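For reference, the chains in residue letters:
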Number of protein chains: 2
Amino acid sequence: MKEKLRQEYAELLTSYLREKREDQLYAAQQMSKWMLEQKIPPEEMVSYHVAAMKEELENVPQAVLDSFDFLIEMMIGYGIAYREHENLLHRQK
Amino acid sequence: MKEKLRQEYAELLTSYLREKREDQLYAAQQMSKWMLEQKIPPEEMVSYHVAAMKEELENVPQAVLDSFDFLIEMMIGYGIAYREHENLLHRQK
């Protein structure tokens, strides 16, 4: 399931990088809604991004890849806030 | 204010890329908490990341920079969920 999601992310990113169409960015926004529904935390989404970049792009400098470790760490804080939101919604039901 | 935050993000990222120490990743997590308190949405944090990469790294391929437009678009969905969380907390007070 998550593997499929990761693959779809990679496919959409690749077609965006090839064609840079507005409607592909719109599709990305739609996809993020769906990822939220699937409770994918933002740090995991960033890890899909790194995996897709490694697969699809050549010559990504090591420093760029390293910088993602840092970004993922930052995202973990946001992921925690997001999970709190989920719990809050759950408690209200 | 935001300019200062962007600058601190860039400084921390740069020192991490130079030294790759665990405690710098820990500092990143602490910084993300502070950013959350300042209500910086995740898409804005990713834009700080891009700005820092452009400033600090040489030869970042254009496709990598383009890929961030896509990642930011994905993050907007998460940003919306985060703002809903804020509103919910506010209503409960």
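The structure presented is a predicted model; accordingly, all values stated were derived computationally and were not measured.

**Student:** Which parts of the structure should I look at to understand unusual backbone geometry?
**Tutor:** Trans is the common state for peptide bonds, and a negative phi is the common state for residues other than glycine. Although it is not a glycine, Asn59(A) adopts a positive phi angle of roughly 55 degrees. Position of Asn59(A) among the secondary structure elements: in the loop between helix 3 (42-56) and helix 4 (62-92). The backbone of Lys20(B) sits at a positive phi, close to 45 degrees, despite the residue not being glycine. Mapped onto the elements of the fold, Lys20(B) is located in the loop between helix 1 (2-19) and helix 2 (22-37). Classification of Lys20(B) by relative accessible area gives partly exposed; the value is 42%.

**Student:** Even after reading the chapter, I still don't get the relation of the copies chain A and chain B, so can you show me in this structure?
**Tutor:** The relation between the two copies of this chain is a rotation about an axis and a shift parallel to it. Relative to chain B, chain A is turned by 180 degrees and slid 0.0 Å along the rotation axis, the superposed coordinates differing by an RMSD of 0.0 Å. One copy is carried onto the other by what is essentially a two-fold rotation axis. Scanning chain A for the C-alpha nearest the rotation axis identifies His85(A), at a separation of 2.7 Å. Looking at chain A, 100% of its interface residues are interface residues in chain B too, so the copies touch through the same face.

**Student:** Quick question: what am I supposed to make of empty space enclosed by the protein here?
**Tutor:** Summary: where empty space remains is shown by rolling a probe the size of a single water molecule over the atoms. Considering all chains together, one arrives at 1 cavity of 30 Å³ or more under this definition. Taken as a whole, the largest cavity encloses approximately 70 Å³ of empty space. Lining the largest cavity are Pro42(A), Tyr78(A), Tyr82(A), Pro42(B), Tyr78(B), Ala81(B) and Tyr82(B). Counting only elements with at least two residues in the lining of the largest cavity, the list comes to helix 4 of chain A together with helix 4 (62-92) of chain B. The dominant element in the lining of the largest cavity, judged by the number of residues it contributes, is helix 4 of chain B, at 3 residues. Residue composition of the lining of the largest cavity, by class: 7 nonpolar, no polar and no charged.

**Student:** Help me understand the side chain of Asp66(A), please; the structure alone is not making it clear to me.
**Tutor:** Looking at the secondary structure, you find Asp66(A) in helix 4. Overall, Asp66(A) belongs to the buried group, its relative accessible area being 12%. Of the polar contacts made by the side chain of Asp66(A), one reaches the side chain of Lys20(B); its length is 3.1 Å. Look past the residues within four positions of Asp66(A) in its chain and what remains in contact with it is Tyr16(B), Leu17(B) and Lys20(B).

**Student:** Please explain the nonpolar core as it appears in this structure.
**Tutor:** Judged by nonpolar contacts, the single largest core of 63 residues is most densely connected at Tyr9(A), Met35(A), Tyr9(B) and Met35(B). Contributions of two or more residues to this core are made by helix 1 (2-19), helix 2 (22-37), helix 3 and helix 4 of chain A together with helix 1, helix 2, helix 3 (42-56) and helix 4 of chain B. Examining the composition of this core, we find that 11 residues originate from one element, helix 4 of chain A, more than from any other. Residues in contact with Met35(A), not counting those within four places in the same chain, are Leu5(A), Tyr9(A), Ile40(A), Met45(A), Tyr48(A), Met74(B) and Tyr78(B).

**Student:** Hey, could you run me through the confidence of the model for chain A in this one?
**Tutor:** Detailed reading of the predicted model is not advised wherever pLDDT is low. Residue and element names in this part refer to chain A. Across chain A, the average pLDDT comes to 91, with 98% of residues at or above 70. By mean pLDDT, helix 4 is the weakest element of chain A at 88, and helix 3 is the strongest at 95. Across the interface, the model reports ipTM at 0.90; the global pTM reads 0.90.

**Student:** It is not clear to me how helix 2 of chain B should be interpreted in this structure. Could you clarify?
**Tutor:** The periodicity of an α-helix, 3.6 residues per turn, causes residues three or four places apart in sequence to face the same way. In this model, helix 2 of chain B (16 residues) spans 23 Å end to end at C-alpha, consistent with the 22 Å of a helix rising 1.5 Å per residue. Of all the residues in helix 2 of chain B, the buried ones are Gln24(B), Leu25(B), Ala28(B), Met31(B), Ser32(B), Met35(B) and Leu36(B). Along the axis of helix 2 of chain B, the buried positions cluster into a sector of 140 degrees, meaning they face one direction only. Turned more than 90 degrees away from the buried face of helix 2 of chain B, the exposed residues are Glu22(B), Tyr26(B) and Glu37(B). Against the buried residues of helix 2 of chain B lie helix 4 of chain A together with helix 1, helix 3 and helix 4 of chain B. Positive phi appears at Lys39(B), one or two residues downstream of helix 2 of chain B, with a value of about 60 degrees.

Conventions and cut-offs
- Residues numbered from 1 in each chain as written.
- Chains lettered and ligands numbered in written order.
- Predicted model: local features only at pLDDT ≥ 70, side-chain atom pairs only at ≥ 80, totals over all residues.
- Heavy atoms only, no water.
- Helix = DSSP H or I, 4+ residues; strand = E, 2+ residues; numbered from the N terminus.
- Buried < 20%, exposed > 50% of the residue type's maximum accessible area, 1.4 Å probe, protein only.
- Least-squares fit on C-alpha atoms with pLDDT ≥ 70 in both.
- Contact = heavy atoms within 4.5 Å.
- 1 Å grid on protein atoms, 1.4 Å probe; cavity = no way out; pocket = protein on both sides within 12 Å on 5 of 7 lines; lining within 4 Å.
- Points joined across faces, edges and corners; volume = space filled by probe spheres on them.
- Nonpolar A, V, L, I, M, F, W, Y, C, P; charged D, E, K, R; others polar.
- Polar contact = N/O pair within 3.5 Å; in protein donor to acceptor, adjacent residues only side chain to side chain.
- Core = buried A, V, L, I, M, F, W, Y, C linked by side-chain atoms within 4.5 Å.
- pLDDT = per-residue confidence, 0-100.
- Expected span 1.5 Å × (residues − 1).
- Arc of directions from axis to C-beta.

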